[in-house]
Every structure is written in structure tokens, then in C-alpha cells.
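As a plain string of letters, each chain reads:
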Amino acid sequence: MSVPRACNVLMIYPRFSAGTFWNFAAACELFGARYPAAPLGLITVAALLPSSWSIRLVDRNAEDLSDNDLEWADLVMTGGMLPQQYDLIDVIDLCRARGKPVVIGGPAVTSSPHIYRRANFQVLGEAEGIIDKFIEAWEAGAREGVFEGEKFQVDVTKSPIPRFDLLKFENYLHIGVQFSRGCPFTCEFCDIIELYGRMPRAKTNDQMLSELDALHRLGYRGHVDFVDDNLIGNKKAVKAFLPDLRVWLEEHDYPFEFTTEASINLADDPELLKRMNEANFVGVFVGIESPDTDTLIQTKKKQNTRRSLVESIQKIYAAGIFVTAGFIVGFDSEKGSVADAMVELIEDAAIPVCMVGLLFALANTQLTRRLAREGRLHPEPERYPSGSADQCTQGLNFDTLRPRQEVLLDYKRVLERIYDPVAFAGRLQRLAAMLDNSGRKRRTPARDSRRGFSSSEVMHRIITNLPEPRDVFSRTLSHCISSNPRSARWIVALMALYLHLGPFSQYVVGQIDDMIRDLDHAAFDPRETVEASPALLA
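Parameters at a glance
- Residues numbered from 1 in each chain as written.
- Predicted model: local features only at pLDDT ≥ 70, side-chain atom pairs only at ≥ 80, totals over all residues.
- Heavy atoms only, no water.
- Core = buried A, V, L, I, M, F, W, Y, C linked by side-chain atoms within 4.5 Å.
- Buried < 20%, exposed > 50% of the residue type's maximum accessible area, 1.4 Å probe, protein only.
- Helix = DSSP H or I, 4+ residues; strand = E, 2+ residues; numbered from the N terminus.
- Contact = heavy atoms within 4.5 Å.
- 1 Å grid on protein atoms, 1.4 Å probe; cavity = no way out; pocket = protein on both sides within 12 Å on 5 of 7 lines; lining within 4 Å.
- Points joined across faces, edges and corners; volume = space filled by probe spheres on them.
- Nonpolar A, V, L, I, M, F, W, Y, C, P; charged D, E, K, R; others polar.
- Axes fitted to C-alpha atoms, helices over the stretch in contact; angles between N-to-C directions.
- Parallel < 35°, antiparallel > 145°, perpendicular 65-115°, else oblique.
- Pairing = 2+ DSSP bridges.
- Left-handed = near helix turned anticlockwise from the far one by under 90°.
- Expected span 1.5 Å × (residues − 1).
- Right-handed = clockwise from strand over helix to strand, strands pointing away.
- Polar contact = N/O pair within 3.5 Å; in protein donor to acceptor, adjacent residues only side chain to side chain.
- Phe/Tyr/Trp six-rings, centres within 6.5 Å; stacked < 30°, edge-to-face > 60°.
- Lys NZ or Arg CZ within 6 Å of the ring centre and 35° of its normal.

Draft legend 1. Structural detail: the nonpolar core. In terms of nonpolar packing, the biggest core is built from 155 residues, with Met11, Met77, Phe134, Phe164, Leu245, Phe327 and Val356 touching the most fellow members. If you tally residues by element for this core, the top one is helix α20 (residues 488-524), at 17 residues. When sequence neighbours within four positions are dropped, the list of residues in contact with Phe164 reads Leu40, Ile43, Phe169, Ile175, Gly176, Val177, Glu211, Ala214, Leu215 and Leu218. If you look at the next biggest cluster of nonpolar residues, it comprises 20 residues, including Ala73, Ile92, Cys95 and Ala108.

Quick look at the structure:
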């Protein structure tokens, strides 16, 4: 095959919806960042492209896309997830208007290619398995096409080191890396097993450490997130990796601290928890979804039914790792209100940060296929409205079995109670009593120190920017500093997130109130007959 010709490739990372749980805008502003996470997918694709191609990256969450950027480009590459859909379509339309060929890849187009049909090229599936076919076609003169990789066949041990050099580190709260893809479980609502399969594929230890070496050489220090959808999906691989990671950290003076996502059965393995602590993992996101056993069984999340969820969370705290968690309202199996039980679990487990959303039937999942068979799935819109592509405000895209108003009221009650400032501060204080970091040998310097802020300045910034009543947060912080100083950094970090979560929860509650009013109006509008109203209630 001939050597690829020179090509100027502009990679554009679309904006996430502003009204999303995950943007943490106020916390970013506090720490001088512009967005929480960097675009790992695009910089991984960049590493797969020919060395003769010149590459620029513009992350529209953190910087402006200029006319000069577009003028420079021979080819535009973009991609992302559902909450980026609105801007993804804008990027495609902008490129088409400027006569720039545009390639789209990633989970959004892989799951719903018809939504993005205006792109010149679609690369579906994992890029490593199909990008060469696209490059070959482009070099041969093709200016449109669809390239689909074989599912679950990519050998991730051959994945290249992402092009971290394309990132502006100062723009982000943390940088992501990936150790494995796939998850062994079969949760009905999840699209991960549809995109990456149920046999988790892991990189080699040397390969993963080489990625961390690259980050370290470029001068990055601080928070690194393992973006694996379930880090412990392949327990054998991760257990073999963690001791090598611990040695690497010791040799490099602990430049990074890590967070990740894992299933709740992490709590069953004391050895694994110990190794994660020794490898400087400080936090983990866990999908809990519901306190109701029948719901967990119906949605095929049986791994959450074999244990006390509260005791499991507390075991993770005892290993010095804080927990953030996901919950969902709107499952078919909910026989009545779930708000009290959900709030009780969150309070008993002292989980400060909870992503509570409405059930959303993602494209190409078991849930979506079942709802379609039952005639309950709503048509997928050509484009979700700007600012609404988040399951906090865009869930329940199907006919619910419980009255829709009841589901929405339940959801509203959960948000109002868990993000009440007194309740949030109380969970932080109880977490501080359980989070055992006494065994950590070293601590990574706080990220704020790289931005020129002292620890005391950061604490002052947080406290003065928190909503009233601020004294409850001040007392929580004082209590943690006096009783568990080795965990204070993470309590402060979680407290900072309330700068976003407090106002965001109020925004979502307002949106839910509007939805309930619309439903009530539709149900009781005297111009409508009783027989005509069910469609409006759907």
C-alpha cells in the first residue's frame, strides 16, 4: 500500500448539552478549568491516523471553533454521545455549508446512524477495527461512505497511546484513560454490552503504563479517570495490573490519583479493594439504580440483589475510596412510590453525589427492543431539543405502566430531598467518619496547587460560593479536618460539586414541574374527551 498523502485533519469535539448533570460548570470555574473531562475518544482516533496527516483538535466545550480552523482543514472528524447530539448535528451542518468533508464516529452514530446521515462518512463501531478501511477509501478518492467494524473483535492490546499532546490540560478537571472495554453483566437498559460486548477486553500492563508515562512526560499531574464502564469486569486482568501500577506510582513520586466506575461486587473482594487503595484509587462510581429487589431482577441487574447495598458501600469507604452512584426512577416493576426507599438508601449509605435520572430507553438496547415489541416505545426524534438530551429531563421516552405524573412526582421528591443543602452536608459529614485513608502512603498534590491556589484559598472559595445555609458546610468541613484530616481533600472536592448540583437540581425540579403541569392540563382540558386523553398522557 502506498504511503498516505498529507492531509489536514480538524477534530471537533461537540458541546455537551448545557443542562446536564455532568458538566459541573461552577466547580470548573472555581478551579480555573473549562470542562470536567477531555475527549479521549477523538485523541485515540488521532493516534490511529497516518503520521503524514496533520491534526488539530478543537473541543467546543472548552474553546471556540474559528473560521481559520475550518479553512485550514481538508477533512473534519467528529463524534460523541447522546448528550452531544444537538451540537453534533450543528457541526455536520457547518462543515457541509463550508464544503468540508466530515467524518462522524462514536457511540451516538453507531447506535443511531440515521440521525447523522448528512455526514459524508460514518465510521460505526470501534475505530481500531475499521479506520484503516476509511483511510484507504479516502486515499483512493472516496468522498462519502459508511464503514462498519465487526462487533467486539478489536484487540485492545494493539490500541495506540492516545494523542495526549493534542490536549490543553489546563482546560480540564481530569484526563481520562481506558484499561478495558465491555462488561460481563446484562442490565436491560444499558448500551455498553451492545457497543462493546460482554467479554471485557483489557490492555496489557506495559501498554497501560506507557499511556501514563506519556501523560507524565507531557507534564500532567493530578486526577486521572479510568473511563472503563466496569473496571473490574475482568477481575483477573485488573488484579494483575494494580500491583504494577502501585510500583509505577512509587517510582514517579505519585503524580496521579485515580477514579473509575465499577459494579457493586467490588465490595465483595477485600484484596481487590486493598490493591486499588495502594494504587491510589480514591473514588468509584457505582450503578445502584434502585433499592427495590424486584426492580433489580426485572431489569437484569441481579448482581445488586445478592448483598446489603449499604454494607457494600461502607466496605468501599473503609478501603479509603468514596462512592458516587447512579439511580433511576421509572422502571416497570415500580408498584408505587419509590422516593422514600431511594432517599433512605442514599442517606443510610451516606452517598453525597448521586446521579438520579428518569429511565431512558437508549437506542439499540434490550429495553428498547422490548418496549418496541410491546408497542410502548415513543418514536426517536430526528433531533432532541437543545439543552434537553439528559436523562434528568429527557427520560421516559415510552408509555409508563405507572401513571406518568406519579413517576415524575416521585423523581421530583428524590431530588428535592437529597440535594437539600442540609441533607447533602450531613451525608458528607457521615462519609468523613467512614472514609479511611489512614493507610495511604502518599497523596498526590491537589490539582488546585497546579493552578496556583493554596488549599486554604480553595476551601475559602468553596465555602463563600456555596448557597445558604453555608454554616452547615462550614461545620462539616471543620469536623472532617479535625476528625479525619487525611480524607479532607476528597470531602472538599465533593463539596465543591454542590456548587453545580444544588442549582442543577433546582433547574431539573422546575422542568419536572412544567411536565406535570402539561400532563395535568392535557388530562383535564374540558375541550378533550376522556377517550381522547390517553394519547396525551403517554
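Picking up after the structure, the text goes on.
Draft legend 2. Broad picture of empty space enclosed by the protein. All told, the structure shown has one cavity of 30 Å³ or more when counted by the stated rule. Residue lining of the largest cavity: Phe21, Val356, Cys392, Tyr411, Leu415, Tyr419, Phe504, Ser505 and Val508, and that is the complete set. Listed by contribution, the elements that provide at least two residues to the lining of the largest cavity are α15 (404-418) and α20. Here the lining of the largest cavity gets three residues from one element, more than from any other, and that element is α20. Looking at the lining of the largest cavity residue by residue, the class counts come to eight nonpolar, one polar and no charged.

Draft legend 3. View of the packing of helix α16 (residues 421-434) against helix α19 (residues 470-483). At a closest axis distance of 9 Å, the pairing of α16 and α19 adopts a crossing angle of 5°. By the angle class used here, α16 and α19 are roughly parallel. Residues Pro421, Val422, Phe424, Ala425, Leu428, Gln429 and Ala432 of α16 touch α19, and the partners they reach there are Val472, Phe473, Arg475, Thr476, His479 and Cys480. Taken together, the residues of the contact of α16 with α19 break down into nine nonpolar, three polar and one charged.

Draft legend 4. Spotlight on the sheet that holds strand β1 (residues 7-13). Strands sit in the order β3-β1-β4-β5-β6-β7 across an open sheet of six strands; the sheet is parallel. Across the chains shown, the open sheet's two edge strands, defined by having one partner strand only, are β3 (53-59) and β7 (145-148). Between one strand axis and the next, the sheet turns through 20° on average, direction left out of account. With three bridges joining them, strand β5 (residues 102-105) and strand β6 (residues 121-124) adopt parallel strand pairing. Opposite Val103, over in β6, you have Phe121 as the bridge partner. Contacts between helix α4 (residues 85-97) and the sheet are confined to β1, β4 (75-79) and β5, with β5 contributing the most and set at about 160° to the helix. Packed on one face of the sheet, helix α6 (residues 131-139) meets β1, β3, β4, β5, β6 and β7 and runs near 155° to β4.

Draft legend 5. Expanded view of the packing of helix α9 (residues 235-251) against helix α10 (residues 270-278). Closest axis-to-axis distance for the α9/α10 pair is 9 Å, and the angle between their directions is 35°. The way α9 lies across α10 gives a crossing that is left-handed. On α10, the residues that touch Lys235, Val238, Lys239, Ala240, Leu242, Pro243 and Arg246 of α9 are Glu271, Leu272, Arg275, Met276 and Glu278. Residue composition of the contact of α9 with α10, grouped by class: six nonpolar, no polar and six charged.

Draft legend 6. Region of the structure containing the sheet that holds strand β12 (residues 256-261). Pairing in this open sheet of seven strands is parallel, and the strands run β2-β8-β11-β12-β13-β14-β15 from one edge to the other. Pairing within the sheet leaves two strands with one partner each, and these edge strands are β2 (35-37) and β15 (354-358). Ignoring strand direction, the axes of neighbouring strands in this sheet form an average angle of 20°. Inspection of the sheet shows strand β11 (residues 222-226) paired to β12 by four bridges, in the parallel sense. Residue pairing across strands places Asp225 opposite Thr259, the latter belonging to β12.

Draft legend 7. Region of the structure containing α4. The end-to-end C-alpha distance of α4, which contains 13 residues, comes to 18 Å, matching closely the 18 Å that a straight helix rising 1.5 Å per residue would cover. Listed in full, the buried residues belonging to α4 are Gln85, Asp87, Leu88, Ile89, Val91, Ile92 and Cys95. Those residues of α4 hidden inside the fold are in contact with β1, α3 (67-72), β4, β5 and α5 (107-111). Positive backbone phi, at 70°, marks Gly99, one or two positions downstream of α4.

Draft legend 8. Spotlight on the pairing of β5. Every second residue of β5 is oriented toward a common face, with Val102 and Ile104 on one face and Val103 and Gly105 on the other, all of them buried. Pairing geometry for β4 and β5, over four bridges, is parallel. Note that in β5 the partner of Val76 across the bridge is Val102. In this fold, β4 hands off to α4, which returns the chain to β5; that crossover is right-handed.

Draft legend 9. Main features of the side chain of Ser290. Structurally, the position occupied by Ser290 is in the loop between β13 (281-289) and α11 (293-298). The buried category is assigned to Ser290, whose relative accessible area is 2%. Only 3.0 Å separates the side chain of Ser290 from the backbone nitrogen of Asp292, close enough to count as a polar contact.

Draft legend 10. Summary view of the packing of aromatic side chains. This model, assessed by the stated rule, comprises 28 aromatic pairs. Between Phe21 and Trp22 the ring centres are 4.8 Å apart and the planes differ by 80°, which places this aromatic pair in the edge-to-face class. In this structure Phe21 comes out as buried when scored by relative accessible area, which is 2%. The class for Trp22 is partly exposed, based on a relative accessible area of 42%. Seen in terms of ring centroids, Phe424 and Tyr498 are 4.7 Å apart; in terms of plane orientation they differ by 35°. Their pairing is tilted. One end of the pair, Phe424, is in helix α16; the other, Tyr498, is in helix α20, with 74 residues separating them in the sequence. Among the aromatic side chains, those forming a connected cluster through ring pairs are Phe169, Phe179, Tyr220, Phe226, Phe241, Trp248, Phe256, Phe258 and Phe281. When the ring centre of Trp72 is taken as origin, the NZ or CZ atom of Arg56, which lies over that ring, is 4.2 Å away. It is Arg383 that lies over the ring of Tyr86; its NZ or CZ is 3.7 Å from the centre.

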